[in-house]
Amino acid sequence: MIRNTLKRRAFLRAGLTGSAALAAGVAMPARAFAATQREPILRPIPASGELLPVIGLGTNAYGVDTEEAKAPLREVLRTMPGLGGSVVDTAEVYGTSEEVIGELVAEIGNRDELFIATKTPIRGEIPDVQAAIDDCFAKLQVRTMDLLQVHNLHEIDRQIPYFLRMRESGRARYIGASTSSAQQYTDFIAAMRRHPLDFIQVNYSIDDRDSAEEILPLAEELGMAVLINMPFGGRRGAASTFSRVANRPLPDWAGDIDADSWAQVFLKYVVSHPAVTAAIPGTTRLSHLRDNQAAGHGRLPDPALRREIERYWDTLEA
Ligand SMILES: NC(=O)c1ccc[n+]([C@@H]2O[C@H](COP(=O)([O-])OP(=O)(O)OC[C@H]3O[C@@H](n4cnc5c(N)ncnc54)[C@H](OP(=O)(O)O)[C@@H]3O)[C@@H](O)[C@H]2O)c1
């Protein structure tokens, strides 16, 4: 209830943010601006019914250590709730990302407007699982973690009992596990069947739809919320995703889903999958945040248009 009120207040500020952006001469496409004036699209977390906006933020490039590098990240974190977004995904392995987010969010004072998700270590034997979990809380400066995830299945059977205790005590509101590699899908599916996860996180994009074959339908069947990582093909793959449509005008059907940019087409494709709760596109730039958040408003493709987008993509040269 408190969260919804906060979200509404944050959203009302979106109008100010959008108007202020225009007054300041910051370019914002007309349709994207109109889209941010509408309510964000929300999806329920199956375990609780709590609603989440469909576009969040990935922060694997937030491991910075200079004031100059932190400045644009501060603006992204400050601005996102006003545009309707709340999910911020980080991990122990992303350099100083957890510390940077903890420091910036404490300074901005908008912890209650964010849904903070992190992941425990990904490499080597974790000597003390509880200490590794406590470390995430300390770096992020949070008393409660919205979502605690096992990263890439690392030591999942050993970690889950600790995660369950964190959930029982209320320190972690939800627990989950992530992957971003098809080589792990078979093990990931087995882990989904073995553990009572609230969330899974998996890669899915117009250029890589493999997770839609088994993982996404299984998440729906098991009542697990789904976060989508690498919706543009990943930090390294995004350049080739965007270059494949470089200089191509948006097709007419983009107007039918209120999309002003290719990024919005890619995100709307991803979040229109019925199993998906939210996508977490990674960005360090305010202009890209605005572009991406606009995809969380307006219309989404129906099944027929999803097939049309796939056909269009498949005819493009790689
Ligand atoms: N196994 C796992 O658990 C796992 C694996 C991978 C990722 N993740 C999570 O998922 C998040 C998303 O994945 P990702 O960041 O690797 O890849 P991504 O979201 O597919 O792509 C990010 C790239 O796209 C660019 N970009 C963002 N918005 C754009 C826009 N509107 N127009 C053009 N370019 C845009 C970003 O550059 P700028 O910074 O310049 O905007 C960045 O280079 C990560 O940050 C991380 O939180 C989890």
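Residues numbered from 1 in each chain as written. Predicted model: local features only at pLDDT ≥ 70, side-chain atom pairs only at ≥ 80, totals over all residues.

Right, let's talk about the pairing of strand E6 (residues 145–150) for a bit. Within E6, 6 of the 6 residues are buried, leaving the element largely enclosed by the surrounding structure. Here strand E5 (residues 115–119) runs beside E6; their pairing, made up of 3 bridges, is parallel. The partner of Ala-117 across the bridge, within E6, is Leu-147. This β-α-β element, E5 to helix H5 (residues 129–140) to E6, shows right-handed connectivity. As defined by bridge partners, E6 adjoins strand E7 (residues 172–178) across 5 bridges and the pair is classed as parallel. For Leu-147, the partnering residue across the bridge sits in E7 and is Tyr-174. Chirality of the crossover, the property in question, places the unit of E6, helix H6 (residues 156–169) and E7 among those that are right-handed. (Buried ≥ 20, exposed ≤ 12 C-beta atoms within 10 Å, placed from the backbone. Helix = DSSP H or I, 4+ residues; strand = E, 2+ residues; numbered from the N terminus. Pairing = 2+ DSSP bridges. Right-handed = clockwise from strand over helix to strand, strands pointing away.)

This part is about the site of the ligand. Around the ligand, a shell composed of 30 residues is seen, among which Gly-58, Ser-178, Asn-229, Ala-263 and Gly-282 lie nearest. Those elements giving two or more residues to the shell around the ligand turn out to be helix H9 (238–243) and helix H12 (286–294). At 3 residues, H12 tops the list of elements feeding residues into the shell around the ligand. A class-by-class count of the residues in the shell around the ligand yields 9 nonpolar, 17 polar and 4 charged. (Near = placed C-beta within 6 Å. Nonpolar A, V, L, I, M, F, W, Y, C, P; charged D, E, K, R; others polar.)

Once that is clear, we can look at helix H3 (residues 67–83). In this model, H3 (17 residues) spans 25 Å end to end at C-alpha, consistent with the 24 Å of a helix rising 1.5 Å per residue. Within H3 the residues assigned to the buried category are Leu-73, Val-76, Leu-77, Thr-79, Met-80, Pro-81, Gly-82 and Leu-83. Downstream of H3 by one or two residues, Gly-84 has phi in the positive range, about 110°. (Expected span 1.5 Å × (residues − 1).)

Moving on: the nonpolar core. One finds Val-87, Ile-200, Val-226, Ile-228, Val-270 and Ala-279 to be the most contacted residues of the largest nonpolar core, which totals 77 residues. The element that contributes the greatest number of residues to this core is helix H11 (residues 262–271), accounting for 7 residues. Those residues in contact with Ile-228 that sit more than four places away from it in its chain are Val-202, Tyr-204, Val-270, Val-276, Ala-279 and Ile-280. (Core = buried A, V, L, I, M, F, W, Y, C linked by C-beta atoms within 7 Å. Contact = placed C-beta atoms within 7 Å.)

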